[in-house]
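Observations on chain architecture
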Amino acid sequence: MKTAKGLFVGLVVAAVLQTGALGAIIYKHLEDLRTGVEVVLKSNMRDPRDFFRGHYTRLQLDVERIDPKTVSLPDLPLKTRQDVFIVLKPGEDGFWKASAVSATAPSGGVFLKGVTSYVPPNAKPTQPFNVSLPFSRYYAPKRRALELEALNRDQKLGIILAVQADGTAKIKGISVDGKLIHDETLL
Amino acid sequence: MIAFNYASRLKEDLLAWQVDGLIDAHTRDRLLKRVVDEKYSTTFGGIVAMLGGLLVLAALIAFVAANWDQMPRIYRLGLLFGALWLSYLVAWFGASRGYDALSAAFIVIGIGAFGAAIILISQMFHLQGKPENAILLWATGGLVTTLLSRSTAALCTTIVLGSIWVFMAAPFNRDAASIIGIDQFYFYPAAIILLAWVTRYFRSRLAAHLLALSTLGWLAILLAHNIEITHPVWWIVFALLLMSASGVLYSYVGRQGLFGFERPLLAYHAIAIAGIAISFASTTRQFKQSAMSGAVSLSVLALVIAFCVSLGMVLLLRGRNSPLMRDQIVFPIAAALTIVMIACVYFTQTAAWGLIGLIARWVFCFFLGIWFVRFGWRLESRFLSLTGYATFLIALLVSYLQVMGSLQLTALIYALLGGLLIVVSVFILRIEKRSEEKT
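Below, the structure is looked at part by part.

Procedures and definitions
Residues numbered from 1 in each chain as written. Chains lettered and ligands numbered in written order. Predicted model: local features only at pLDDT ≥ 70, side-chain atom pairs only at ≥ 80, totals over all residues. Heavy atoms only, no water. Helix = DSSP H or I, 4+ residues; strand = E, 2+ residues; numbered from the N terminus. Buried < 20%, exposed > 50% of the residue type's maximum accessible area, 1.4 Å probe, protein only. Areas by Shrake-Rupley, 256 points an atom, 1.4 Å probe, with all protein chains shown as cover. Salt bridge = Lys/Arg side-chain N within 4 Å of Asp/Glu carboxyl O. Contact = heavy atoms within 4.5 Å. Buried area = accessible area lost by both parts, 1.4 Å probe. Polar contact = N/O pair within 3.5 Å; in protein donor to acceptor, adjacent residues only side chain to side chain. Nonpolar A, V, L, I, M, F, W, Y, C, P; charged D, E, K, R; others polar. 1 Å grid on protein atoms, 1.4 Å probe; cavity = no way out; pocket = protein on both sides within 12 Å on 5 of 7 lines; lining within 4 Å. Points joined across faces, edges and corners; volume = space filled by probe spheres on them. Phe/Tyr/Trp six-rings, centres within 6.5 Å; stacked < 30°, edge-to-face > 60°. Pairing = 2+ DSSP bridges. Expected span 1.5 Å × (residues − 1).

The next thing to look at is the overall build of chain A. Along its length, chain A carries two helices and twelve strands. For chain A, the sequential pattern of α-helices and β-strands runs α-β-β-β-β-β-β-β-β-β-α-β-β-β. Among the 187 residues that make up chain A, the fraction classed as buried is 44%. Counting every atom, chain A has about 9,700 Å² of accessible surface; 56% of that belongs to carbon and sulfur.

Here the structure, examined in full by the defined rule, presents eight salt bridges over all chains. The partner of Asp327 of chain B in a salt bridge is Arg378 of chain B, and the shortest N-O contact between them spans 3.3 Å. Here Arg378 of chain B lies in helix H15 (residues 351–379) and Asp327 of chain B lies in helix H13 (residues 325–328), a separation of 51 residues in the sequence. By relative accessible area, Asp327 of chain B is classed as buried at 0%. Because the salt bridges share partners, they merge into one network encompassing Lys28, Asp32 and Lys170 of chain A.

The next thing to look at is the interface of chain A and chain B. Listed per partner, the contact involves 43 residues of chain A and 46 residues of chain B. Across the interface of chain A and chain B, roughly 4,000 Å² is buried in total on both sides, 70% from carbon and sulfur atoms. In this assembly, chain A and chain B are joined by zero salt bridges. In this assembly, chain A and chain B are joined by five residue pairs in polar contact (both at pLDDT 80 or more). Those elements that provide at least two residues to the side of chain A that touches chain B are helix H1 (4–35), strand S3 (54–61), strand S9 (137–139) and strand S11 (169–176) of chain A. Top element by residues in the side of chain A that touches chain B is H1 of chain A. It accounts for 19 residues. Looking at the side of chain A that touches chain B, its residues break down into 26 nonpolar, nine polar and eight charged.

Time to look at empty space enclosed by the protein. Gaps left between atoms are located by rolling a probe of water-molecule size over the structure's atoms. All names here are of chain B. Scanning the entire structure with this criterion turns up four cavities of 30 Å³ or more. One number sums up the size of the largest cavity: a volume of about 70 Å³. Taken together, eleven residues make up the lining of the largest cavity; nearest its centre are Ala277, Phe280, Met341, Arg361 and Phe364. Contributions of two or more residues to the lining of the largest cavity are made by helix H9 (233–253), helix H10 (262–282), helix H14 (330–347) and H15.

It is worth spelling out the packing of aromatic side chains at this point. Residues and elements named next belong to chain B. Scanning the entire structure with this criterion turns up 13 aromatic pairs over all chains. Taken together, a centroid distance of 5.7 Å and an interplanar angle of 70° make the contact between Phe238 and Phe280 edge-to-face. Residue Phe238 is located in helix H9, and its partner Phe280 is located in helix H10; the two are separated by 42 residues in the primary sequence. The class of Phe280 is buried, set by a relative accessible area of 4%. Each ring, one from Phe366 and one from Tyr414, has its centre 6.4 Å from the other, and the planes form 70°; the classification is edge-to-face. Remark: Tyr414 occurs in helix H17 (residues 407–438) and Phe366 occurs in helix H15; sequence separation between them is 48 residues. Grouping aromatic residues by their ring pairs yields a cluster made of Phe185, Tyr186 and Trp218.

Moving on to the layout of surface pockets. In this model, the second largest pocket occupies a volume close to 1,800 Å³. For the lining of the second largest pocket, the elements supplying multiple residues, two or more each, are H1, S3, strand S7 (110–116), strand S8 (129–132), S9 and S11 of chain A together with helix H4 (100–124) and helix H5 (131–149) of chain B. If one sorts the elements of the lining of the second largest pocket by residue count, H5 of chain B sits on top with five residues. For the lining of the second largest pocket, the residue count by class is 19 nonpolar, 17 polar and 14 charged.

Looking now at the sheet that holds S7 of chain A. Residue and element names in this part refer to chain A. Strand order in the open sheet made by the five strands is S4-S8-S7-S5-S6, with antiparallel pairing throughout. With one partner strand each, in any of the chains shown, strand S4 (65–66) and strand S6 (96–102) form the two edges of the open sheet. Two strands pair when backbone bridges link them, and S4 and S8 are joined in this way by two bridges, in the antiparallel orientation. Along S8, the bridge assignment pairs Ile66 with Phe129.

We now examine the side chain of Thr199 of chain B. Checked against the element boundaries, Thr199 of chain B lands in helix H7 (residues 188–202). Setting aside residues up to four positions removed in sequence, Thr199 of chain B forms contacts with Leu155, Ile159, Ser204, Ala207, Ala208 and Leu211 of chain B.

This brings us to the pairing of strand S12 (residues 179–182) of chain A. Note on strand geometry: in a regular strand, side chains alternate between the two faces of the sheet. Residues and elements named next belong to chain A. Note: S11 against S12, four bridges, orientation antiparallel. Across the sheet, residue Ile174 finds its bridge partner in S12, namely Ile181. Linkage of S11 to S12, two consecutive antiparallel strands, is achieved through a turn of two residues, within which Asp177 is found at a positive phi near 50°.

What follows deals with helix H6 (residues 152–168) of chain B. It helps to recall that an α-helix has 3.6 residues per turn; residues three or four apart then point in one direction. All names here are of chain B. A rise of 1.5 Å per residue sets the reference length of H6, with its 17 residues, at 24 Å; its end C-alpha atoms lie 24 Å apart and thus fit the reference within 8%. For H6, the full list of buried residues reads Ala153, Ala154, Leu155, Cys156, Thr157, Thr158, Ile159, Leu161, Gly162, Trp165 and Val166. Between the side-chain oxygen at the start of H6 and the backbone nitrogen of Ala153 there is a gap of 3.3 Å, and the oxygen is on Ser151.

Let us now look at the environment of Ile121 of chain B. Following the sequence through the fold, Ile121 of chain B ends up in helix H4. When its relative accessible area of 2% is taken as the criterion, Ile121 of chain B is described as buried. Distance from Ile121 of chain B to Val64 of chain B, taken between C-alpha atoms, is 9.5 Å for residues 57 residues apart in sequence. Beyond its immediate stretch of four places on either side in the chain, Ile121 of chain B contacts Leu22, Ile25 and Ile26 of chain A together with Leu77 and Leu127 of chain B.

So far we have only geometry, and geometry alone does not tell us how the molecule works.
Okay, structure coming up:
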């Protein structure tokens, strides 16, 4: 262990660096929420529990299920665990839908970056497949998580995202029967 | 625990020495007071403070996991930032008043508050990143605190966090995080080298044990993931282990560059070497596949280097007339035998030769175990001897489950080996008796 003065300086520097690192994460997140395009995706919700972060509802987004009958696929055949981009367009019911899935990033529009789940090697072009998006959890206290799971049975639930130009996105809140509940501030 | 064992053993020895007339009762009491009582009280106080610190750390994480929404986010965050700053402040205050154990406990709480804040932020904002990245950030924060405070407790906490990180980033996690396309798991050796350097600088025995265990865990996961052993990495790891174990033994005889941690480190080496050797021996088909593939040149090259380096160490010890020179010979012999076994599998195609190769590999494992027992006896390390016994027993169990050819042949091999060992033991006992009579 250092001398008392050396230890004081060392620990203050450690605290400043650690506080700074955490502050930078919060600042970047709030900036992304502020600048991203807001979209609402339809989702189912179920309630498991994380060891460190407690209860959350597991999101099952409709846009993750790709049906070639309704979605354009210019880059077939796709492989298992391949990076893809889901192009989104606003739907009539208030939820955004997948309009195309491509292997390269589109030059414009709103799109999300994901990874294909298992695609059989000899899959027919009309065969539906899944794309995994990096949004699977919405954290909430146990009571709220269970409420959301119950609401899921008879109401339309969705998730609000702030989508960046590179296809990454952050969760801004949830939508219950068309009502947007934003969940993004520090206060 | 080490202190308790040492104290009780010393107590017995002191009583025996007093009975033999080597020391008087006054000297015995003084030695006991100095070594037993003081050691016990210091260690116990430190343990209580550290356990208290761990409980507070668990409380912080449980507080975050509860996702208590009665308090605004900014207050929750402020609470953890406050805990972080306050812990470090109390740690400094404790150290300046001479309460080193208390100071260490609060440094651990401070690192815990940093981790809890990371978890809270990812929970509050529904951050979807990979959990192993969060743990990596936590461990990095722990390392920063370790280096700036030079605290052994912080170092131990960082090593534990590093171990959690590498376990979460293990290849059996299909979505494990990667860096430049390579799984984070494979970068752990770099972290081990960095942490080993810090551990040596701090001269912390506890940290050294934790790091050795963590390294063994990493090796075990690597082994489990690549159990088919079709990759040359296993032979290179084996060669590196032989070389480094040889270097550790050389350090033991020489200037003790690891400040007395040589004996436990040799035992950890023995565990790793035995684990890999038993895995090699038990994977007949894969062994052949790997030897027939391009892996053979890389693995033989690594083993030839290991052979040359460890032989060099033998010659250096011979120059010093060290009694441990003969123990050092085990490393070049192990490297040479492994090369011969690879060559046998590579050049032989028939099933009969394949069986001989399999038997040879198991015999190699049995003798490796016996040699480790001898090492333990020579260096007076119970840990190392136990590793040898365990190696022998595990090799016996796995070879029995695998069956060498047929059960009759397996029984015959055991009987021959057993008979051979009994004959050898008679010779050893006679030599020991003669040397005893001389003295």
